[in-house]
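Residues per chain, in single letters:
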Amino acid sequence: MSDLPFGDGEYRRRQEEFLSNMPIDSLVIIPNNQVSIRSNDTSYPYRANSYVLYLCGWSEPDSILTAKFDDGLWQTTLFVRPRDTKAEIWEGRRVGPEGALQGWPIDNSLSINDAEEYISKKIESGLKPSAIIGIDSKIDDIISDSKMSDIPDPRTLLDVMRTVKSEAEIDVMKEASRIASDAHVKAMRATHPGIGEWQIQSVIEGHFIDSRSQWSYKSIVGGGDNATILHYGSNSDSIEDGDLVLVDAGCEVHGYASDITRTWPVNGKFTEPQREIYNLVLEAEEAAIKACKVGSTWNSSHKAASLVLAKGLIDLGILDCTISEALGENLDGPFRNYFMHGTSHLLGLDVHDVGGGRKGDGKPGPTLESGMVLTVEPGLYFASWRDDVEIPERYSGIGIRIEDDVLVTEDGPVVLTAGCPKSIDEIESLISKGD
Ligand SMILES: [Mn+2]
């Protein structure tokens, strides 16, 4: 009945590494995500919590993974929905506690209806909660009643573990990369002047579903000027002859994400200005991929991309200054007028994976190790409607990003999304072939 991507040993190894670093008077509490209402009695498709998936692969809602140290060893208890024929007729089959114990890498399983009492009693008996809060309000209430001022967060350990992927995880990520690469190729072949952004989205996401996958984030399909909007998502315009389309779309396999961006001309032929910017972004992307080496600092890919882009913007006459002026003291110079985002983020069970490197998560990015997977995604954007910086007429309305998923290895970077073409010649020949 279980459809787990990994064998028991893989999960047990993760649990062991995590729990052996926890204080033995802890009660580890990791609630699964809640079902979200879309409207009235209709919910969004359910996606399990990445930490629960990571530790035991459980993907039904209304569940909580706990662990405590007992009789000299760590034991996990998974609380799940009990079997209930009447409910199952409406909502679908449930695994139930007995089924969970047989098919999932856990030590005990109980009904979710007993979870609150169990957790309260364990805390009363002296165990200290170590919980991920903010997911399940009932659990949050129990924890706040415990009067502990400082609740250790299991993510401190788990986030570091999740940055380095095992062989088994890499295999799943290769599959997600392959499906997303094929989807982009299909979309290129289907492209013609006048095509709707939503129609390209439909080709991409249709391929995901056909491959028994699903999107890992909302697909971005931006034609012309829409490509210069970094988080464009309405995908509702038709794309005119002569315009580029930027497609940022990835899928998820067993919870593991791929994340690819390609930019191509809808009529199958880059104009000279488009070609100039495209080749510059491609050169930056290739330099940044080369920088993804074991022992490199997190910022290496961003530095490499920034250097190429700053120099290229000067060579094309877009910036009129020296390279060091273009780069600025902290890579914050005027090249950032046209390249406003970071170059890389970690990739895994979350598309912007945990473990640092993202602005806002407060953690510096990790030094690169063998087994880490990160994106490399430089871009240049010349929104025609911008009034805060100078947009050269020649490049007005051009937005280009190229993004691949890169595995760091002792033998150098491996591009997991290499199946997705990115040279101008390859792209032009795909589009002209049509469907
Ligand atoms: Mn990305």
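Every residue gets a number counted from 1 within its own chain, in the order that chain's sequence is written. Selection of residues for local features in this predicted model requires a pLDDT of at least 70, selection of side-chain atom pairs for listing and counting requires 80 or more, and totals for whole chains, interfaces and linings are taken over all residues. Only heavy atoms go into the side-chain values, all of them from the structure, while hydrogens and water stay out.

**Brief notes about the overall build of the protein**
Stated precisely, the cut-off is as follows: For helices the rule is a DSSP run of H or I covering at least 4 residues; for strands it is a run of E covering at least 2, with both sets numbered from the N terminus onward. The size measure is the radius of gyration over C-alpha atoms, and the globule rule it meets is 2.2 Å times the number of residues to the 0.38 power. Each residue's exposure class comes from its accessible area (1.4 Å probe, protein chains only) as a fraction of the maximum for that residue type: buried when under 20%, exposed when over 50%, partly exposed otherwise.
Each helix and strand counted, the protein has 13 helices and 18 strands in total. A compact globule built from 435 residues should have a C-alpha radius of gyration of about 22 Å, and the protein, at 24 Å, falls within 12% of that. Overall size of the protein, expressed as C-alpha extent along the three principal axes, is 70 × 50 × 40 Å. Sorting the 435 residues of the protein into buried and exposed places 54% on the buried side.

**Describing the environment of threonine 263**
Which entries qualify depends on this criterion: Two residues qualify as a contact provided that any one of their heavy atoms is within 4.5 Å of a heavy atom in the partner residue. Counting of polar contacts relies on pairs of N or O atoms within 3.5 Å, with two restrictions inside protein: one atom must be capable of donating a hydrogen and the other of accepting it, and residues adjacent in sequence are counted only when both atoms are side-chain atoms.
Looking at where threonine 263 falls in the secondary structure, it is placed in strand S13 (residues 260-265). Given a relative accessible area of 0%, threonine 263 falls into the buried group. It is 15 Å that separates the C-alpha atoms of threonine 263 and phenylalanine 339, two residues lying 76 residues apart in sequence. If we ignore the near neighbours within four places in the chain, the residues touching threonine 263 are Leu244, Val245, Leu246, Phe270, Tyr278, Gly399, Ile400, Arg401 and Ile427. In this structure the side chain of threonine 263 is engaged in a polar contact, spanning 2.8 Å, whose partner is the backbone oxygen of arginine 401.

**Topic: the sheet that holds strand S9 (residues 220-223)**
Filter applied, for reference: Think of it this way: DSSP has to see at least two bridges between two strands before they count as a pair. Angular values range over 0 to 180 degrees, each being the angle between N-to-C directions of two axes fitted as lines to C-alpha atoms, with helices fitted over their stretch in contact.
Taken in spatial order, the three strands of this open sheet run S9-S10-S13, and their pairing is antiparallel. With partners counted over all chains shown, the strands left at the sheet margins are S9 and S13, one partner each. On average, each strand axis in the sheet is inclined to that of its neighbour by 10°, with strand direction left out of account. Across four bridges, the pairing between S9 and strand S10 (residues 244-249) is antiparallel. The partner of glycine 222 across the bridge, within S10, is leucine 246. Set on the sheet, helix H8 (residues 167-190) makes contact with S10 and S13; between it and S13 the angle comes to about 15°.

**A look at the domain arrangement of the protein**
Rules: Those domain boundaries reflect an automatic or database domain assignment. Here the buried area means the combined drop in accessible surface, using a 1.4 Å probe, for two parts upon being joined, counting both sides. Any carboxyl oxygen of Asp or Glu that lies within 4 Å of a side-chain nitrogen of Lys or Arg is treated as forming a salt bridge with it.
For the protein, the assigned domains read domain 1 (8-162) and domain 2 (167-433). In this structure, domain 1 and domain 2 have C-alpha centres spaced 36 Å apart. In this complex, domain 1 contributes nine residues to the contact, which on the side of domain 2 involves eleven residues. Roughly 810 Å² of surface becomes buried between domain 1 and domain 2 when both sides are summed, with 42% attributable to carbon and sulfur atoms. Among the residues domain 1 hides against domain 2, the three largest losses belong to Arg47, Asp159 and Arg162. Together they make up 55% of the total. Seen at the junction of domain 1 and domain 2, the total is five salt bridges.

**Considerations on the nonpolar core**
This is how it is decided: For our purposes a nonpolar core is just a set of buried Ala, Val, Leu, Ile, Met, Phe, Trp, Tyr and Cys residues, chained together by side-chain atoms within 4.5 Å.
By size, the foremost hydrophobic cluster in this structure holds 106 residues, and its most contacted members are Ile200, Leu380 and Phe382. Top element by residues in this core is H8. It accounts for ten residues. When residues of this core are sorted by domain, at least three fall in each of domain 1 (8-162) and domain 2 (167-433). Filtering out sequence-adjacent residues up to four positions away, leucine 380 remains in contact with Ile277, Leu280, Val281, Leu309, Leu313, Tyr338, Phe339, Ile398, Gly399 and Ile400. Listed in part, the 14 residues of the second largest apolar core include Ile29, Ala115, Ala131 and Ile151.

**Remarks on the pattern of salt bridges**
Under the counting rule described, the total for this entry stands at 31 salt bridges. With a closest N to O distance of 2.8 Å, arginine 162 and aspartate 350 form a salt bridge. Of this pair, arginine 162 sits in helix H7 (residues 155-163) while aspartate 350 sits in the loop between helix H12 (323-327) and strand S14 (373-376), and the two are 188 residues apart along the sequence. A salt bridge links aspartate 248 to arginine 401, with the shortest nitrogen-to-oxygen separation between them at 2.9 Å. In this pair, aspartate 248 is assigned in strand S10 and arginine 401 in strand S16 (residues 398-401), connecting sequence segments 153 residues apart. Exposure class is identical for aspartate 248 and arginine 401. Each is buried.

**With respect to the pairing of strand S4 (residues 64-70)**
Here S4 lies mainly inside the structure; five of its seven residues are buried. In this structure, strand S1 (residues 26-31) lies alongside S4, joined through five bridges in antiparallel fashion. Each bridged residue has a counterpart across the sheet, and for valine 28 the counterpart in S4 is alanine 67. Sheet topology places S4 next to strand S5 (residues 73-80); seven bridges connect them, and they run antiparallel. The residue of S5 that forms the bridge with leucine 65 is leucine 78. The hairpin formed by S4 and S5 contains two residues between the paired strands, and aspartate 71 there has a positive phi angle of roughly 50°.

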